[in-house]
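# A look at the structure
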Amino acid sequence: MDEELPARLRAVPVLAGPLPRFDPDGADPAPGRQFARWLDDALDDGVPEPHVMTLSTADRDGKPSARVLMLRGLGADACSFVFASDAGSHKGHDLAANPHAALSWYWPHQGRQIRAAGPVEALDAGIARGDFLGRREASRIAGFTGRMSAPLAGPGAYDEERRRAADLVAADPQAVPEGHTVYRLRADEMEFFQGDPDGFHVRLHYARQGDDWKRGLLWP
Ligand SMILES: Cc1cc2nc3c(=O)[nH]c(=O)nc-3n(C[C@H](O)[C@H](O)[C@H](O)COP(=O)(O)O)c2cc1C
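Residues numbered from 1 in each chain as written. Predicted model: local features only at pLDDT ≥ 70, side-chain atom pairs only at ≥ 80, totals over all residues. Heavy atoms only, no water.

An unreviewed UniProt entry lists the protein under the name Pyridoxal 5'-phosphate synthase, from Streptomyces fildesensis. Recorded in UniProt for the protein, the comment headed Cofactor (unreviewed entry) runs: "FMN". Under the UniProt heading Sequence similarities (unreviewed entry), the entry covering the protein gives this text: "Belongs to the pyridoxamine 5'-phosphate oxidase family." (UniProt positions renumbered as here; feature names shortened; annotations may be inferred.)

### Remarks on the layout of surface pockets
The computed volume of the largest pocket comes to approximately 830 Å³. Lining of the largest pocket is provided by 31 residues; of these, Asp86, Ala142, Gly143, Thr145 and Met148 occupy positions nearest its centre. Broken down by class, the residue content of the lining of the largest pocket amounts to 15 nonpolar, eight polar and eight charged. Considering only enclosed or pocket space, the second largest pocket measures out at about 190 Å³ in volume. Lining the second largest pocket we find Pro18, Leu19, Pro20, Arg21, Phe22, Asp23, Gln194, Gly195, Asp196, Pro197, Phe200 and Val202. Here the residues of the lining of the second largest pocket sort into seven nonpolar, two polar and three charged. (1 Å grid on protein atoms, 1.4 Å probe; cavity = no way out; pocket = protein on both sides within 12 Å on 5 of 7 lines; lining within 4 Å. Points joined across faces, edges and corners; volume = space filled by probe spheres on them. Nonpolar A, V, L, I, M, F, W, Y, C, P; charged D, E, K, R; others polar.)

### Remarks on the site of the ligand
Around the ligand sit Arg67, Val68, Leu69, Met70, Ala84, Ser85, Ser89, His90, Lys91, Met148 and Ser149, and those are all the residues in its vicinity. The separation between an oxygen atom of the ligand and a polar side-chain atom of arginine 67 is 2.7 Å. Here an oxygen atom of the ligand and a side-chain polar atom of serine 149 are 2.5 Å apart. Protein chains shield 64% of the accessible area of the ligand, which is 630 Å² for the free molecule. For the shell around the ligand, the secondary structure elements donating two or more residues are β2 (64-70), β4 (80-86) and α3 (90-97). (Near = heavy atom within 4 Å. Polar contact = N/O pair within 3.5 Å; in protein donor to acceptor, adjacent residues only side chain to side chain. Areas by Shrake-Rupley, 256 points an atom, 1.4 Å probe, with all protein chains shown as cover. Helix = DSSP H or I, 4+ residues; strand = E, 2+ residues; numbered from the N terminus.)

### As for the pattern of salt bridges
Any two side chains of opposite charge can pair, given that their charged atoms come close. Considering all chains together, one arrives at 10 salt bridges under this definition. Between aspartate 131 and arginine 72 there is a salt bridge, and its shortest N-O distance comes to 2.7 Å. A residue pair is termed long-range when its members are at least 10 positions apart, and aspartate 131 in helix α4 (residues 125-133) and arginine 72 in the loop between β2 and β3 (73-74) qualify at 59 residues. Classification of arginine 72 as partly exposed rests on a relative accessible area of 39%. (Salt bridge = Lys/Arg side-chain N within 4 Å of Asp/Glu carboxyl O. Buried < 20%, exposed > 50% of the residue type's maximum accessible area, 1.4 Å probe, protein only.)

### Section: α3
Along α3, the residues that are buried comprise Lys91, Gly92, Asp94 and Leu95. Buried positions in α3, seen along its axis, are confined to an arc of 160 degrees and lie on one side of it. Facing away from the buried side of α3 by more than 90 degrees, the exposed set consists of His93 and Ala96. In this structure, the buried side of α3 is in contact with β1 (52-58), β2, β4, β5 (100-107), β6 (112-122) and β7 (180-186). (Arc of directions from axis to C-beta. Contact = heavy atoms within 4.5 Å.)

### Overview of the pairing of β5
Across the two faces of β5 the burial differs, with Ala101, Leu103, Trp105 and Trp107 buried and His100, Ala102, Ser104 and Tyr106 not buried at all. Note that β1 and β5 share three bridges and pair antiparallel. In the strand pairing of β5, serine 56 is matched with alanine 102. Pairing of β5 with β6 involves eight bridges; the strand directions are antiparallel. Paired with histidine 100 across the two strands is proline 119, which belongs to β6. Turn length for the β5-β6 hairpin, with the two strands adjacent in sequence and antiparallel, is four residues, and the turn residue glycine 111 shows positive phi of about 60 degrees. (Pairing = 2+ DSSP bridges.)

### Examining the nonpolar core
In this structure, Phe35, Phe81, Phe83, Trp105, Leu185 and Met190 are the most contacted members of the largest nonpolar core, which totals 31 residues. Those elements giving two or more residues to this core turn out to be α2 (31-44), β1, β4, β5, β6, β7, β8 (189-194) and β9 (202-209). Those residues in contact with tryptophan 105, other than ones at most four positions away along the chain, are Phe35, Pro50, Val52, Met53, Phe81, Arg112, Gln113, Ile114 and Ala116. Core analysis: the second largest hydrophobic core is formed by six residues, Ile141, Ala165, Val169 and Ala175 among them. (Core = buried A, V, L, I, M, F, W, Y, C linked by side-chain atoms within 4.5 Å.)

If you want it as structure tokens, here you go:
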């Protein structure tokens, strides 16, 4: 074990600021709109890759796994989050067996964390098709390469598969891989965390209640 590691980690500043202040009384009553506000701030402030988020899933036995994905858009009800993946991947199997998941974002420049959790559904094939065909060619080729999350024998096997996928996309630019799926997580719970350099963090929690949202603060 690296004996110096704990000290080196302690020396890295976290939530050092200056950070924005968050007045929970001024928050939007709908968490989807509050998310859109914070996402706008992140885009305006040049937060790197603010649309990269962690998706946590669990299999039918409750065994969890997490990975980062890209947010592809917000659902029409403004409290749902759209992402795309391969239904045959590890997460795809988890979601088929247990269609509930959690998303989280962390934007260190602003000391902000957002969490969302709720049921996930796969959207119809036409939406998946539009999503896939809207991608640049390299990304479409990657989408036809092998099977996401299956064991790969070595880099040589990948090169060969990629050449095969490039030929396939060149021959049929409208082709869409069978497993390509657009998913939507409809949040029934969300939390907005605003970090503070002195530890006065603000946590605002929303829970869906029918067509409404109940809002409340959490101890930091
Ligand atoms: C910045 C970044 C963005 C990513 N975006 C996606 C994405 O939008 N969809 C996706 O399926 N995988 C994406 N990945 C790859 C996933 O993190 C993961 O490796 C892959 O989906 C397989 O996950 P699984 O084995 O848990 O199913 C991204 C990876 C990184 C580093």
